[in-house]
Every structure is written in C-alpha cells, then in structure tokens.
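Listed here are the chains, written in short residue letters.
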Amino acid sequence: MTSPASGAGSAGLDVFARRLPKVEMHCHLPGAIPVETYLDISRANGIPVRSTAGEDPYAFTSFEDFLELYGMICAVLRTRADFERAVYAALERQTRTGNVRYAELFFSPTDHPSVPYATQVDGLVDGIRAAEHDLGIVARLIPSINRTLPAAAAVEMVEEVVAYRRDEVLGIGMDNNEALGPPARFVEAYRMAGRHGLKRTAHAGERGSAEEVAVTIDELGVDRIDHGYGILNDPELVKRAVDRGLPFTGCWTVSLIQMGRPVLGRMIEAGLRVSINSDDPAVIPTDLGREFHGVASTENLDRQALVQCVMNGVEATWLDDSDRRALRGRFESEIHALQAELPGE
Ligand code: ADE
Ligand code: ZN
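Residues numbered from 1 in each chain as written. Chains lettered and ligands numbered in written order. Predicted model: local features only at pLDDT ≥ 70, side-chain atom pairs only at ≥ 80, totals over all residues. Heavy atoms only, no water.

### Re the pattern of salt bridges
Side chains that differ in charge, positive against negative, can pair when their charged atoms come close. Scanning all chains against the criterion turns up 19 salt bridges. Among the ionic pairs, Arg18 bridges to Asp287, the shortest N-O distance being 3.3 Å. Residue Arg18 is found in helix 1 (residues 11-19), and its partner Asp287 is found in the loop between strand 8 (273-277) and helix 13 (288-299); the two are separated by 269 residues along the sequence. Under the relative-accessibility criterion, Arg18 is labelled partly exposed at 33%. Residue classification places Asp287 among the buried positions, given a relative accessible area of 11%. Where Glu334 meets Arg101, a salt bridge forms, and the shortest distance between an N and an O atom there is 2.7 Å. Of this pair, Glu334 sits in helix 15 (residues 321-341) while Arg101 sits in strand 2 (residues 100-107), and the two are 233 residues apart along the sequence. For Glu334, a relative accessible area of 26% gives the class partly exposed. (Salt bridge = Lys/Arg side-chain N within 4 Å of Asp/Glu carboxyl O. Helix = DSSP H or I, 4+ residues; strand = E, 2+ residues; numbered from the N terminus. Buried < 20%, exposed > 50% of the residue type's maximum accessible area, 1.4 Å probe, protein only.)

Okay, structure coming up:
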C-alpha cells in the first residue's frame, strides 16, 4: 500500500492529489464556513466576532481555544436562511478547492440552543439541494453530539433527530473535547440511534488514547471511527479493527497538530481502512486537495496509495448499496482518465 514516493513534494503529485475526485466524511459544517460568509452572517445578526479589525477572525492558539472559537461560529447561525447560506458556501469551497463530489457533514444541534432542531435541518437541506443543483456536489448530514454535555442532552438530541426524520440525515456523530466526555457516558444515546436505524460514528483517540477507541468500538457500536490515531498504541485493537474492516476518517493537518508526528502512514501500513478528510477546513485553514498532498509528501505515499484512500472513503460512505456502487464506478473511470492525462512519475 505504501511505497517510497519518488515524486513526493513535486508539482506533479500536488496536481494529482488536487484533481482526484473525493468524498469527505469528516468535516464539521461550522469549521467549513468560509470566513467572509461567517463575517457577513455575524454582521447581519448583530453578533460580534472575537477578533478586532485587521485580525484573523479564525485565529486560534490551542485545541481548547479552537473549540471556544467553534462555539462562537455556531452562535452566529440563527435562521433557516443562515444555515442554508452557510452550508452552500461550505460546499462551494469544498467543491472548488478539493474536488469533493460527495460529503457527509457534521453539524452540532446543541451548539445552537436558541434554534429549533427542525429549523437547523431544514436550512441545511435547502442549502444542500441548492448546492447539488448548482455545483453537482451531493451532501448528507450527521448531527453530532457535543460530548462535553451530560448524557441526557445527547439522548435528547437523538430523540429530536428521530422525531424529525429527513432523508438527508444518515446517522449521528460525537465531537468536542474527549478529555471532558468519555465515550461510555453516551451508550444510551448510541443504542437509541441504532434502534432507530441511524448509522453511528464518533471522534475517538484524537490525542492518542487507545482506550477511548476501544470503548467507542466495543460499547457504542460505531460503523466508523473519526481520527482514531490512539489505536496505534494497542496492536491487538489494531488487529481487531483490521479484521473487521472498520473505517477510520483521518485528517492530516489535525493529526499532526494533535499527535505531534505523522501517524496516517502508519495506520495505512497497519492495514487500517483510512480515508483522508479535512475536519475544519476553513478555520484551520486547509482543503481536501492540500490534505491529500500533505499525507503523500510527509508519509511517503505514492499515487496508488492516494487512490486507495479515496476508494476507502467511497466504501465507508453511508450511501445505500446502489448509490455507493454508482459512485464507485464513476470514481474508477474518472481516476483512470486522470492517470492517463497525468502520466505518473
Ligand atoms: N469539533 C470540530 N473539530 C473537532 C475536532 N477536531 N475534534 C473534536 N471536536 C471537533
Ligand atoms: Zn472532527
């Protein structure tokens, strides 16, 4: 799967990485809103941003500081039209910068306490439909539990998701600070989601804990793991995840920030089904083309390994079987044409 990348860092690999068609399954809507859109909406709603004139409104100094900023970005979205505009702008950026064709986007219902769940989802569906019409990108939604809240708030969120079903909402996720929200707290919410046919994923092991990954797999019944880097500290757990073919949504920039060293290459080498994603692309800032090229150049992945990461993503989507088969076929022929157009180094 990995081999020494003779062209790592070259313009050729950069172009190939950028032009590959991609899916995105680990991207938080609030962290994907282009900064100009964020500023416009905050001005329209009279909600101040934390930076002063001339400073980058998306600057942050640590993970905890990032999470505070994330909450402030959430706070500016107040109306159905705000959600529509935010998701449309995020999807436009994803399409243009990363050639993303299909996205499953996290949003954070409990981080908008003054906006009813139905208003949030309706606005997001409006924006998704407009983006599909104008740009060709298909997107689906994953309401995500804020794990720093009590278990009852997570259960309540799942009850709302179940009570207001929309076809675009495929399952639930869980994010925010792992240190403040152990996975075992959320067993009831995850069981309820499973009983109602919702898919399940969760952030785990983002800062290196193998135990959080183990509990997330064993007790929450997840279909995917977001990040999951800590699994490398438990070879037995790696073996179990490989045997099960459990998908991992890796994010190159965030993995380097959180782990302080490259880890995605090692996860791929261990046989884990890793896809490459962008997490909070507008805030970081990054894009999916950059994430793919970053992995290739720092982790010695060649073109074939990048293609494998794309296809790992396709297989890990929560599309139904026939839609997934159609996406797979489309990607295979596009990638074949791209390889012919850009002969390998
Ligand atoms: N929310 C947005 N980005 C996140 C991340 N990388 N980890 C946890 N929660 C998040
Ligand atoms: Zn994330």
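### Points about the site of ligand 1
With respect to spatial proximity, the complete set of residues near ligand 1 consists of His28, Phe63, Phe66, Leu67, Tyr70, Asp175, Asn176, His203, Glu206, His227, Asp279 and Asp280. Within the backbone of Asn176, an N or O atom sits 2.8 Å from a nitrogen atom of ligand 1. Between Asp280 and ligand 1, the recorded distance is 2.6 Å, taken from a side-chain N or O atom to a nitrogen atom. For ligand 1, the accessible surface in isolation is 260 Å², of which the surrounding protein chains cover 98%. Residue contributions to the shell around ligand 1 peak at 4 residues, all from helix 4 (residues 63-76). Considered class by class, the residues forming the shell around ligand 1 number 4 nonpolar, 4 polar and 4 charged. (Near = heavy atom within 4 Å. Polar contact = N/O pair within 3.5 Å; in protein donor to acceptor, adjacent residues only side chain to side chain. Areas by Shrake-Rupley, 256 points an atom, 1.4 Å probe, with all protein chains shown as cover. Nonpolar A, V, L, I, M, F, W, Y, C, P; charged D, E, K, R; others polar.)

### What to know about helix 8 (residues 187-195)
When helix 8 is considered as a whole, its buried residues turn out to be Val187, Ala189, Tyr190, Met192 and Ala193. Note on helix 8: the residue one or two positions beyond its end, Gly197, has a positive phi of about 80 degrees.

### Some details on the coordination of the zinc ion (ligand 2)
In this structure, His26 (NE2), His28 (NE2), His203 (NE2) and Asp279 (OD) serve as the protein donors to the zinc ion (ligand 2), at separations of 2.0 to 2.2 Å. Its 4 donor atoms give the zinc ion (ligand 2) angles of 85 to 178 degrees at the centre, a pattern that matches the irregular case. The sequence pattern formed by the donor residues of the zinc ion (ligand 2) is H-x1-H-x174-H-x75-D. Here His26 matches His28 in class, with each residue buried. (Donors = N, O, S within 2.8 Å, 3.2 Å for Na, K, Ca; no water. Tetrahedral: all angles 85-135°; square planar, octahedral: opposite > 155°, others 65-115°.)

### A few points about the packing of helix 14 (residues 303-316) against helix 15
Each pair of packed helices gets described by two things: the angle between the helix axes and the distance between those axes. At a closest axis distance of 10 Å, the pairing of helix 14 and helix 15 adopts a crossing angle of 165 degrees. What the angle tells us is that helix 14 and helix 15 run roughly antiparallel. Considering how the two elements wind past one another, helix 14 and helix 15 form a crossing that is right-handed. Residue-level contacts link Gln304, Val307, Val310, Met311, Val314 and Glu315 of helix 14 to Arg324, Leu327, Arg328, Phe331, Glu332, Ile335 and Gln339 of helix 15. Taken together, the residues of the contact of helix 14 with helix 15 break down into 7 nonpolar, 2 polar and 4 charged. (Axes fitted to C-alpha atoms, helices over the stretch in contact; angles between N-to-C directions. Parallel < 35°, antiparallel > 145°, perpendicular 65-115°, else oblique. Left-handed = near helix turned anticlockwise from the far one by under 90°. Contact = heavy atoms within 4.5 Å.)

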